[in-house]
Amino acid sequence: MTDNANVKTLDKVVVRFSGDSGDGMQLAGNIFTNVSAGLGNKVSTFPDYPAEVRAPQGSLSGVSGFQVSVGVDVHTPGDKCDVLIAMNPAALKQNVRFLKPGGVAIVDIDSFKALFTTLDPFKELDIKAQVVEVPVTSMTKAALADSGLDNKSILKCRNIFALGLVCWLFDRPLEEAVAHLGSKFAKKPAIFEA
């Protein structure tokens, strides 16, 4: 699959991580930012906290996000993003307005079960971008099936799966991301290992 990949060199890219409050979008965005800065890129970030504290999971008012502009000549976090990572339908619905036409929306397709009036949420939202459906939840569960973690803890690792995907997409070294995670979860070795 990667043999036929269309690889482009970009001077700047804007990535927006989005999900429910508590999905770890701030953590994933911060680590991606730190890894990119460590490579010598200029960065500018914009954390986007939910409108409502302790909003019900999956609600529009409970969506959290983190936008980062990475590149050579960066002065702002960007008005629109080139890549939107949406961990659930509410995150996509709230953040699709920030996605550039022709950009890429990476969605956790496992979580798309609500908030839309039709069976085709991407058409309903009139997305003018490439939609990449990734089964983030089921792949995270499969990867951590033998970890000994309970289901709730496993689901909290989805953000790191998304982070790994974005690091791969933009050729960021995973070793750097792992080092940041090691610092963050030094007192929680089981979580770090997951």
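We now turn to the structure provided with this report. (Residues numbered from 1 in each chain as written. Predicted model: local features only at pLDDT ≥ 70, side-chain atom pairs only at ≥ 80, totals over all residues. Heavy atoms only, no water.)

Some remarks on a positive patch on the surface
Now for step 1: On the surface, a cluster of positive charge is contributed by Lys152, Lys156, Lys184 and Lys188.
Now for step 2: Along the chain, lysine 188 falls in the loop between α7 (174–184) and α8 (189–193). (Patch = residues over 30% accessible without salt bridge, like charges linked within 9 Å, V, L, I, M, F, W, Y side chains within 5 Å. Areas by Shrake-Rupley, 256 points an atom, 1.4 Å probe, with all protein chains shown as cover. Salt bridge = Lys/Arg side-chain N within 4 Å of Asp/Glu carboxyl O. Lys, Arg positive; Asp, Glu negative; His and termini not counted. Charge placed at Lys NZ, Arg CZ, Asp CG, Glu CD. Helix = DSSP H or I, 4+ residues; strand = E, 2+ residues; numbered from the N terminus.)

Considerations on the packing of helix α1 (residues 25–38) against α7
Helix-helix packing: each pair is described by the crossing angle between the helix axes and the interaxial distance.
Now for step 1: For the pair α1 and α7, the least separation of the axes is 9 Å and the interaxial angle reads 125°. By the angle class used here, α1 and α7 are oblique. For the element pair α1 and α7, the recorded crossing hand is right-handed. Here α1 contributes Leu27, Ile31, Asn34 and Val35 to the contact with α7, which in turn contributes Glu176, Ala177, His180, Leu181 and Lys184.
Now for step 2: The residue inventory of the contact of α1 with α7, partitioned by class, reads five nonpolar, two polar and two charged. (Axes fitted to C-alpha atoms, helices over the stretch in contact; angles between N-to-C directions. Parallel < 35°, antiparallel > 145°, perpendicular 65-115°, else oblique. Left-handed = near helix turned anticlockwise from the far one by under 90°. Contact = heavy atoms within 4.5 Å. Nonpolar A, V, L, I, M, F, W, Y, C, P; charged D, E, K, R; others polar.)

Overview of the sheet that holds strand β6 (residues 130–134)
Now for step 1: Read across the open sheet, the six strands follow the order β2-β3-β1-β4-β5-β6; overall the sheet is mixed. Across the chains shown, the open sheet's two edge strands, defined by having one partner strand only, are β2 (42–48) and β6. Put simply, the sheet's adjacent strands are angled 15° from each other on average, direction ignored.
Now for step 2: The sheet contact formed by strand β5 (residues 99–108) and β6 spans five bridges and is parallel. Counted as the bridge partner of aspartate 108 is valine 134 from β6.
Now for step 3: The sheet contacts of α1 involve β1 (12–20), β2 and β3 (63–71), and relative to β3 the element is tilted by about 10°. (Pairing = 2+ DSSP bridges.)

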